[in-house]
Protein chains: 2
Amino acid sequence: MSLKVGLLGVGKIARDQHIPALRANRKFELVACASRNATVDGVANYPDLVAMLAGSPQVDCISICTPPTAHFDAAMLALKSGKHVMLEKPPTSTTRQISLLADEAVRRKRTLFQTWHSRFAASVDAARDWLSGRKLVAGRIVWKEDVHHWHPGQQWIFDAGGFGVFDPGINALSVLTEVLTHDVCVQGALLEFPENQQAPIAARVDLRTADGIAIEAEFDFRQKGEQSWDIELATTTGTLGLSNGGATLAIDGRTLASDAGLAGEYPRLYEKFAALCATGKSEVDWRPFQLVADAFLIGERRIVAPHHV
Amino acid sequence: MSLKVGLLGVGKIARDQHIPALRANRKFELVACASRNATVDGVANYPDLVAMLAGSPQVDCISICTPPTAHFDAAMLALKSGKHVMLEKPPTSTTRQISLLADEAVRRKRTLFQTWHSRFAASVDAARDWLSGRKLVAGRIVWKEDVHHWHPGQQWIFDAGGFGVFDPGINALSVLTEVLTHDVCVQGALLEFPENQQAPIAARVDLRTADGIAIEAEFDFRQKGEQSWDIELATTTGTLGLSNGGATLAIDGRTLASDAGLAGEYPRLYEKFAALCATGKSEVDWRPFQLVADAFLIGERRIVAPHHV
């Protein structure tokens, strides 16, 4: 018996990742999609979630991959309609909303899988295993990409609530919080806002573990040429490097594993979602989101050159 | 048997509120104070918490009323030293830190009382009782005060991490979340930053209950003349007004109760702390802080005229 899925939001991430991953997994059957202006072949298409719930009541679960401002209302409605929910990152507009969704999932006894796709990158599990029992002495995140290349024309990222460079940067924080044994807090931050935009184009975040170890994170949307999605964690017994967003693992500079790309993340996400639905459990860990909110809360603001999407 | 208290931070709030409340309550004995540059008569005085813990090991609990950036390290050290902790608002620099302190208190089986003094204003309990079972239709918070009068020379409030107008504004949110039956989320916000400061001098926050009811909050540090600390909540069966920061209660414009001022808040806080210590329980509710972080996270920023403390 496969799980019947309704997909909400038919944009780039849906076509690149969700739909191929769903169609390749026999535990799922994609039966419906909802989008204001796009349709998908071979399924029932609806303009919105309300119409989908009414028109395809046999749907077991809703996978939500709209921009984040629409997540909360959709996920709440889906849970209240008795559906399991898988949520793209970042989970919601605000941190308060994700905690309310988590409460609702418990109340309704439905699965809420609040995903961080980067945690399913090929080398993240191995990195966590290698770090377990080792003693951290320093850490560094470098997450620099060309926003024009990766997010062409996406003005919403630079609007208030769009999170700016933290939209990709939160992926690094999701991996960091997954592989580290200890918790981290934001100690300070510097956020660079283009003078014509409401969300930061670059940020530096100083993190600190409970043991006082500093982890410096640099996020930048203005990177031309080589793109960087790297985490380096130095311990008393060797240094771990996770690069390509978690696909490649190196210890002391020697590459131990390297995935061709990010192709495996979404298939693994949906495998996990199937397992969670089967047991009725939820997975919600909004610590990465909380770190971003904390960076906004205490970060110094600096105004920089205008940016045009 | 009274609880022996060490007070950390001997500033305005300590002298105006904490010390008088402690000295008037026989459940407590103030035995030690720590401050970089102030001393208190009749107790052991220390330059910092480490010295106080070493010099006055008989202390049962630590009450922390330093500026918030110092709260986390102090509270963590106190809990790890086996002391009960009472924390002034706002609880910590970041939302992540208060959740870590809550975890530590559970691990150490110590009381962590993360306080919101405005919740102990005279009419807050009556307001919650009146609202219980009623149906909210609209709400409004107006929290406007003259920062020059109430926070003379306190530059830290306008530094990054000082929270600006949310330093008093969080009091309103602490009362709102206490009296409302339903949870609220930040729907949108507009933050006004003086061009020479890192924290907002005014803010408008649009809150929304789970039922979709709008509550508009206005916070302003530039208020001359009459000062406002008012919450109005309209229901289908009457309108509640809480004014003077929670001291005065009116229903449909008729004043039902009015306290002379805020004199009762801290005595009631310490009564509650004594009760928590006696049972080994904690009270931590960082929803008001989370709402502030969410306002920073998704708020639109506007640059306004410079402000000099």
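Remember, predicted model here, so these are calculated numbers, not experimental data.

(A) Just the nonpolar core, in detail. In terms of nonpolar packing, the biggest core is built from 158 residues, with Phe166(A), Phe219(A), Leu233(A), Phe166(B), Phe219(B) and Leu233(B) touching the most fellow members. If near-sequence neighbours (up to four positions away) are discounted, Phe166(A) is found in contact with Leu191(A), Pro200(A), Ala203(A), Val205(A), Phe219(A), Val292(A), Ala295(A) and Phe296(A).

(B) Expanded view of the pattern of salt bridges. Throughout the structure, instances matching the rule amount to 41 salt bridges over all chains. Two residues, Arg107(B) and Glu104(B), come together in a salt bridge whose shortest N-O distance is 2.7 Å. With a gap of three residues between them, Arg107(B) and Glu104(B) both fall in helix H4 (residues 95–108), about one helical turn apart. Each of the salt bridges in this network shares a partner with another, and the network as a whole consists of Arg96(A), Arg119(B), Asp125(B), Arg128(B), Glu178(B), Asp183(B), Asp285(B) and Arg287(B).

(C) Just the relation of the copies chain B and chain A, in detail. Of the two same-sequence chains, chain B is brought onto chain A (RMSD 0.0 Å, axial shift 0.0 Å) by a rotation of 180°. In the structure described here, the two chain copies are related by an operation that fits a two-fold rotation axis. Comparing contact sets, 100% of the residues at the interface of chain B also lie at the interface in chain A, consistent with an isologous, same-surface contact.

(D) The arrangement of the domain arrangement of chain A in detail. Residue and element names in this part refer to chain A. Partitioning chain A into structural domains gives domain 1 (3–114) and domain 2 (119–260 + 293–304). Of note, the centres of domain 1 and domain 2, computed from C-alpha atoms alone, are 27 Å apart. Contact residues are listed per partner, giving eight residues for domain 1 and eight residues for domain 2. Where domain 1 abuts domain 2, roughly 660 Å² becomes buried across the two surfaces, and 73% of that area is made up of carbon and sulfur atoms. Among the residues of domain 1 in contact with domain 2, Pro68, Lys89 and Pro90 are the three that bury the most area, contributing 50% of the side total. Inspection of the domain 1/domain 2 interface yields one salt bridge. Residue aspartate 167 is joined to lysine 89 by a salt bridge in which the shortest nitrogen-to-oxygen separation is 4.0 Å. Class assignment of the residues belonging to the side of domain 1 that touches domain 2 gives a composition of four nonpolar, three polar and one charged.

Rules and cut-offs
- Residues numbered from 1 in each chain as written.
- Chains lettered and ligands numbered in written order.
- Predicted model: local features only at pLDDT ≥ 70, side-chain atom pairs only at ≥ 80, totals over all residues.
- Heavy atoms only, no water.
- Core = buried A, V, L, I, M, F, W, Y, C linked by side-chain atoms within 4.5 Å.
- Buried < 20%, exposed > 50% of the residue type's maximum accessible area, 1.4 Å probe, protein only.
- Contact = heavy atoms within 4.5 Å.
- Salt bridge = Lys/Arg side-chain N within 4 Å of Asp/Glu carboxyl O.
- Helix = DSSP H or I, 4+ residues; strand = E, 2+ residues; numbered from the N terminus.
- Least-squares fit on C-alpha atoms with pLDDT ≥ 70 in both.
- Domains from an automatic or database assignment.
- Buried area = accessible area lost by both parts, 1.4 Å probe.
- Nonpolar A, V, L, I, M, F, W, Y, C, P; charged D, E, K, R; others polar.

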